[in-house]
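Per-entry structural report
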Amino acid sequence: MENKGLLFIPDISGFTRFVTETEIGHSRLIIQELLELLINNNEIGLEVSEVEGDAILFYKFGDAPSLEAIYRQVEKMFCAFHRNLIIYDNRRYCQCQACVSASDLTLKVITHFGEFTGYNVKNFSKLIGKDVIVAHQLLKNDIPQHEYWLVTNSLADDRPPEGFAEWMQWMSSSRQTETGEIPFHYTQLSALKKQIEIEPIQLPDISKKEKVISLSADYDTDIITLFHATGDFNFRHLWLEGVKKVEEVAHYLPRVGMKCRCILENGESISYASSYQYSPDKIEFSETEEETGRLTYFTLETIRDKRTRLVLDYYIDGNIFSKEWFKITQKNKLETKFKKSLVNLETLAKEIILPDV
């Protein structure tokens, strides 16, 4: 059995502060999504030994990949990590402290080559060996900031690696442990953020659609509670007439682009969140039906303390004949459904209890 290989540990810094100072449920989902993202961006054949809370212990038996190949793996994971956080920050619905502060999370990567072996405990695979301990000891060090790639001398031949990019500045240091000193080299990675490109959100162009229904209602609740009642897919079947069940299609947390499948009394419909704008006293968001392109636009606005107005506008597109056919055959029935739904919201808004954030 091979007993030498690469140990590769990406570690999300700020995790402990994140889950102790912010809303637990959303922080758990954010970290879960980021860890899965790191696993999905593995391109050099790394194996997962275990997920260790805020870090992943990857390994690969055999000769070490080239240092350049390891760097490309670090670069890919780092950029995917921050791209995800930037996109979430731009598209998130939620204003809880976990979601607001997610963009402050950082990523460091420890890489070490040494001796270790694996063993199984029922369905779990574990690694054991002195170099597994060494790699974990290196997670605690005196490096300023928390976005870096650390390389031990086992991979860098006692010399700082030659830079793979002009911005790289390599430093040398060591970690003193009970079993001796562990020398290493490191370079900060924050400069990589400059090369991350984010596609802008494509907002729906309602100028090309026709508004066929517009309804409003006032509720004795605050704007955030009413937003959760209307915008959270988990509550949709409790107020929207005709919806029996809602299934999440994509994304753990509410954001622009998320999808849901509504199981209806006479079939199903898939919708996606197509826009979102937030201010403390006004929230606007829209959902688009994937098959028809029909759009429901919600506007929530604070009237006074614990009193919020909801305006629901429904848009359709198509040629003049299809629009007229909709007005003749569907408009009245759909408008009646929406009116009943707005009444249902009043009861739901009183029952929702939001977590303290």
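**Looking at the overall build of the protein**
Scanning the protein from terminus to terminus reveals 9 helices and 16 strands. By the compact-globule yardstick of 21 Å for 357 residues, the protein is too spread out, its C-alpha radius of gyration being 26 Å. With respect to the three principal axes, the spread of C-alpha positions in the protein is 80 × 45 × 45 Å. In the protein, buried positions account for 45% of the 357 residues. Of the contacts formed within the protein by residues at least 6 apart in sequence, a portion of 64% connects residues at least 24 apart. Only carbon and sulfur atoms are counted for the fraction: they give 48% of the accessible area of the protein, which is about 18900 Å².

**Remarks on the side chain of Thr225**
Take Thr225: it is sitting in helix α7 (residues 223-231). Sequence-distant contacts of Thr225, defined by excluding residues within four places in its chain, comprise Ala349, Ile352 and Leu354.

**Some thoughts on the side chain of Asn84**
Residue position: Asn84 is located in helix α3 (residues 67-91). Among all residues touching Asn84, those that are not within four sequence positions of it are Glu33, Leu34 and Leu37.

**Some thoughts on the pattern of salt bridges**
Tallied over the full model, the rule gives 21 salt bridges. A salt bridge links Glu247 to Lys245, with the nearest nitrogen and oxygen atoms 3.7 Å apart. Within the structure, one salt-bridge network assembled from shared partners comprises Lys245, Glu247, Arg261 and Glu268.

**Let's talk about the sheet that holds strand β7 (residues 148-152)**
The sheet built from 7 strands is open, its strands ordered β2-β3-β1-β4-β7-β9-β8 with mixed pairing. At either end of the open sheet lies a strand with only one pairing partner, and these are β2 (47-51) and β8 (171-177). Averaged over all pairs of adjacent strands, the angle between their axes in this sheet comes to 25°, without regard to strand direction. Where strand β1 (residues 4-13) meets strand β3 (residues 56-61), 4 bridges bridge the pair, whose relative direction is antiparallel. When the sheet's bridge partners are listed, Gly5 is paired in β3 with Phe61. Against the sheet, α3 contacts β1, β3, β4 (106-115) and β7, and its axis sits at roughly 25° relative to β1. Helix-sheet contacts for helix α5 (residues 130-137) involve β1, β3, β4, β8 and β9 (180-188), and the interaxial angle to β4 is about 155°.

**Side note on the environment of Met168**
Within the secondary structure, Met168 is located in the loop between α6 (153-156) and β8. Overall, Met168 belongs to the buried group, its relative accessible area being 9%. A sequence separation of 122 residues divides Met168 from Leu46, and the C-alpha atoms of the two residues are 25 Å apart. Apart from residues lying up to four places away in sequence, Met168 is in contact with Tyr71, Trp149, Gly163 and Thr187.

**Examining the packing of aromatic side chains**
Counting across every chain of the model gives 18 aromatic pairs. Relative to Phe58, the ring of Phe8 lies with its centre 6.1 Å away and its plane at 75°, an arrangement referred to as edge-to-face. Placement of the pair is Phe8 in strand β1 and Phe58 in strand β3, with a sequence separation of 50 residues. Aromatic pair Phe227 and Tyr276: ring centres 5.7 Å apart, planes at 40°, arrangement tilted. One end of the pair, Phe227, is in helix α7; the other, Tyr276, is in strand β13 (residues 267-279), with 49 residues separating them in the sequence. Three or more aromatic residues joined by ring pairs make a cluster, and in this case those are Tyr93, Phe227, Tyr276, Phe285 and Phe298.

**Notes on the packing of α7 against helix α9 (residues 331-351)**
A packed helix pair is summarised by two numbers, namely the angle formed by the two axes and the spacing between the axes. Taken N-terminus to C-terminus, the directions of α7 and α9 make an angle of 120°; their axes are 9 Å apart at the nearest point. By the angle class used here, α7 and α9 are oblique. In terms of crossing hand, the pair formed by α7 and α9 is right-handed. From α7, Thr225, Leu226, Ala229 and Thr230 reach across to α9, where they touch Leu345, Leu348 and Ala349. In the contact of α7 with α9, the residues fall into 5 nonpolar, 2 polar and no charged.

**Some thoughts on the confidence of the model for the protein**
Across the protein, the average pLDDT comes to 90, with 96% of residues at or above 70. The weakest mean pLDDT in the protein belongs to helix α1 (residues 15-21) at 68; the strongest belongs to strand β16 (residues 307-316) at 97.

**Quick look at the packing of helix α2 (residues 24-40) against α3**
For the pair α2 and α3, interaxial distance at closest approach is 9 Å and the crossing angle is 145°. As for how α2 packs across α3, the hand of that crossing is right-handed. Mapping the contact onto sequence places Ile30, Glu33, Leu34, Leu37 and Leu38 in α2 and Met77, Ala80, Phe81, Asn84, Leu85 and Tyr88 in α3. Class assignment for the residues of the contact of α2 with α3 results in 9 nonpolar, 1 polar and 1 charged.

Conventions and cut-offs
Residues numbered from 1 in each chain as written. Predicted model: local features only at pLDDT ≥ 70, side-chain atom pairs only at ≥ 80, totals over all residues. Heavy atoms only, no water. Helix = DSSP H or I, 4+ residues; strand = E, 2+ residues; numbered from the N terminus. Rg over C-alpha atoms; globule rule 2.2 N^0.38 Å. Buried < 20%, exposed > 50% of the residue type's maximum accessible area, 1.4 Å probe, protein only. Contact = heavy atoms within 4.5 Å. Areas by Shrake-Rupley, 256 points an atom, 1.4 Å probe, with all protein chains shown as cover. Salt bridge = Lys/Arg side-chain N within 4 Å of Asp/Glu carboxyl O. Pairing = 2+ DSSP bridges. Axes fitted to C-alpha atoms, helices over the stretch in contact; angles between N-to-C directions. Phe/Tyr/Trp six-rings, centres within 6.5 Å; stacked < 30°, edge-to-face > 60°. Parallel < 35°, antiparallel > 145°, perpendicular 65-115°, else oblique. Left-handed = near helix turned anticlockwise from the far one by under 90°. Nonpolar A, V, L, I, M, F, W, Y, C, P; charged D, E, K, R; others polar. pLDDT = per-residue confidence, 0-100.

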